[in-house]
Every structure is written in structure tokens, then in C-alpha cells.
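Breakdown of the fold
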Amino acid sequence: VTFALLLLLVRAGWAPLRSLDTGTAETFNRIDTAHPELVKAAEVVSDVFDPNVFRVALTVIALVYLIHGERHHATWLVVTVFGGAALGLALKEIVGRARPVLPDPVSTAPGLSFPSGHELGASIGCCLLLLIALRFLPRGGRVAAVIAAVLIVGTVAFARVVLGVHFVSDVLAGVTLGIGWVAVTTWAYVAWRRET
């Protein structure tokens, strides 16, 4: 619901959201000029938590599941990871939103802006890694894992806005779409396993 609302507001060009997006982008652009170390940190975060890093890690886990005869788990992981990526690309084309245009950009990125692919990848990746890991962790470990996942997703969102390659609404859309997509595929998988 949150993602759908963001999508409608962006498509409609709702003035308060547009004002928030452009104002935040311009503010960080001014801050970036005076703080190159912030830009460097944001670039490192974007590289370390690139969507392909999550895709490779989860594909390896899917292969491990497959080797151990858990082909249903492996299928669920692959469909969720690569289906989410395809969904994100399709939505970028449908929405057709350009990236922020700033007077003195500190970074550039190819393609369209809404939703953020980095944020979508981080949200899907962290949700899946949590679902896999939580059953093996004690209570304290579960809390730490959830906090780490939230921090990673939040840091990636912040980094993409700091670099000026996404608007605030782009990263919020990536988070909500990623969580929603994992919820849908996991629900479908659990329902299918119950039936079979």
C-alpha cells in the first residue's frame, strides 16, 4: 500500500512530495561540495552493498540448498531475488522518472530513478538473509541481526540520496517494494508448501 501510494504521488507530480525530493537533493548537493569525505563514504556504501553483491551471495546460498536437496528453498530464493530485480526494472520503465538534475553533481548513475535499484536490492537481500538466518540464531542474535539489517537498508538509502543519484521518494519506494515483494513470495511459497 505504501509503495502504491508513493507510485501514484510520483506519477501525479504531487507538489509537496516533489518539493521534499528536490529540496533534499539540493541540500545534500551543497553539503557534498563542502564534505568530500561524506561523498567517498557514500560511494563505498553503494559499492559494498551493490545489488549484485546480494544477488551473488543469495545465489550461492541457493546452490547450497540445491546441493542438499532443498530445491524448493533454492527456487524460492532465486525467484525472489531475480524476480524482484526484474520487477524493479519494469517499474523504472513504466514510471520513467529521471534522476535528480543538480548544478554540480558529485556522482552519476545510469538509467531511471524510481524505484531505487540499490535500495530494492538491499531490502530484498536483507529480508531474505534474515529469513534464512533467524531460525539458527538465539534470541539475542536475532535482535542483533534485525538491527544490522535495518542499519544496512537505512545506510544504503542515505548513501544514494547523499550521492544525488536518487530522490528520497525513490529510496522509500525501494524499501517498501522490496519488503512487500519478499512478503508476497514468502507467503506464496509457504502456502504452496502447505498444500503439497
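Scroll up to find the structure.
Residues numbered from 1 in each chain as written. Predicted model: local features only at pLDDT ≥ 70, side-chain atom pairs only at ≥ 80, totals over all residues. Heavy atoms only, no water.

**Some words on the overall build of the protein chain**
We count it as follows: Counting from the N terminus, the helices are DSSP H or I runs at least four residues long and the strands are E runs at least two residues long. Between the two quantities, the radius of gyration covers C-alpha atoms and the globule rule is 2.2 Å times the number of residues to the power 0.38. Only protein chains enter the area calculation, which uses a 1.4 Å probe; residues under 20% of their type maximum are buried, those over 50% are exposed, and those in between are partly exposed.
Along the backbone of the protein chain there are 8 helices and 0 strands. For the protein chain, whose C-alpha radius of gyration is 18 Å, the value lies close to the compact-globule estimate of 16 Å for 196 residues. A principal-axis box enclosing the C-alpha atoms of the protein chain has dimensions of 55 × 35 × 30 Å. For the protein chain, with 196 residues in total, the buried portion stands at 39%.

**Focus on the packing of aromatic side chains**
Filter applied, for reference: A pair of Phe, Tyr and Trp rings is counted when the ring centres sit within 6.5 Å of each other, with Trp represented by its six-membered ring. The angle between the planes then sorts it: under 30 degrees is stacked, over 60 is edge-to-face, the rest tilted.
On inspection of all chains with the given rule, the structure shows 5 aromatic pairs. Judged by centre distance (5.6 Å) and plane angle (10 degrees), the ring pair of W76 and Y189 falls under stacked. In this pair, W76 is assigned in helix α5 (residues 71-95) and Y189 in helix α8 (residues 168-195), connecting sequence segments 113 residues apart. Overall, W76 belongs to the buried group, its relative accessible area being 10%. The buried category is assigned to Y189, whose relative accessible area is 11%. One aromatic cluster is present, built from ring pairs that chain together W76, Y189 and W192.

**Some words on a nonpolar patch on the surface**
Cut-off, in case you're wondering: In this scheme, patches are assembled from residues that exceed 30% relative accessible area and form no salt bridge. Like charges are connected within 9 Å, while nonpolar side chains (Val, Leu, Ile, Met, Phe, Trp, Tyr) are connected within 5 Å. What sets the accessible areas is the Shrake-Rupley method with a 1.4 Å probe; for residues, cover comes only from the shown protein chains. By convention in these notes, a salt bridge is any Lys or Arg side-chain nitrogen within 4 Å of a carboxyl oxygen on Asp or Glu.
Together, V56, V60 and V64 give the surface a local cluster of nonpolar side chains, amounting to about 240 Å² of exposed area. You can see V60 is positioned in helix α4 (residues 51-67).

**Quick notes on the state of the cysteines**
Operational definition: The criterion for a disulfide is a pair of cysteine sulfur atoms lying within 2.5 Å.
Evaluated as defined, the whole model comprises 0 disulfides. Cysteine C126 shares no disulfide, and the gap to the nearest cysteine sulfur, in C127, comes to 7.3 Å.

**Quick notes on the packing of helix α2 (residues 15-34) against helix α3 (residues 36-48)**
Filter applied, for reference: Note on definitions: angles span 0 to 180 degrees between N-to-C directions of axes, and those axes are lines fitted to C-alpha atoms, for helices only across the stretch in contact. Should an angle fall under 35 degrees it is called roughly parallel, over 145 degrees roughly antiparallel, and 65 to 115 degrees roughly perpendicular, with every other angle called oblique. Any two residues whose heavy atoms approach within 4.5 Å at even a single point are treated as in contact. For this classification, Asp, Glu, Lys and Arg are treated as charged, while Ala, Val, Leu, Ile, Met, Phe, Trp, Tyr, Cys and Pro are nonpolar and the rest, including Gly, are polar.
For the pair α2 and α3, the least separation of the axes is 5 Å and the interaxial angle reads 110 degrees. Taken together, α2 and α3 sit at an angle that is classed as roughly perpendicular. Note on element contacts: α3 touches α2 through P36, L38 and V39, opposite I31, D32, T33 and A34. For the contact of α2 with α3, the class distribution of residues is 5 nonpolar, 1 polar and 1 charged.

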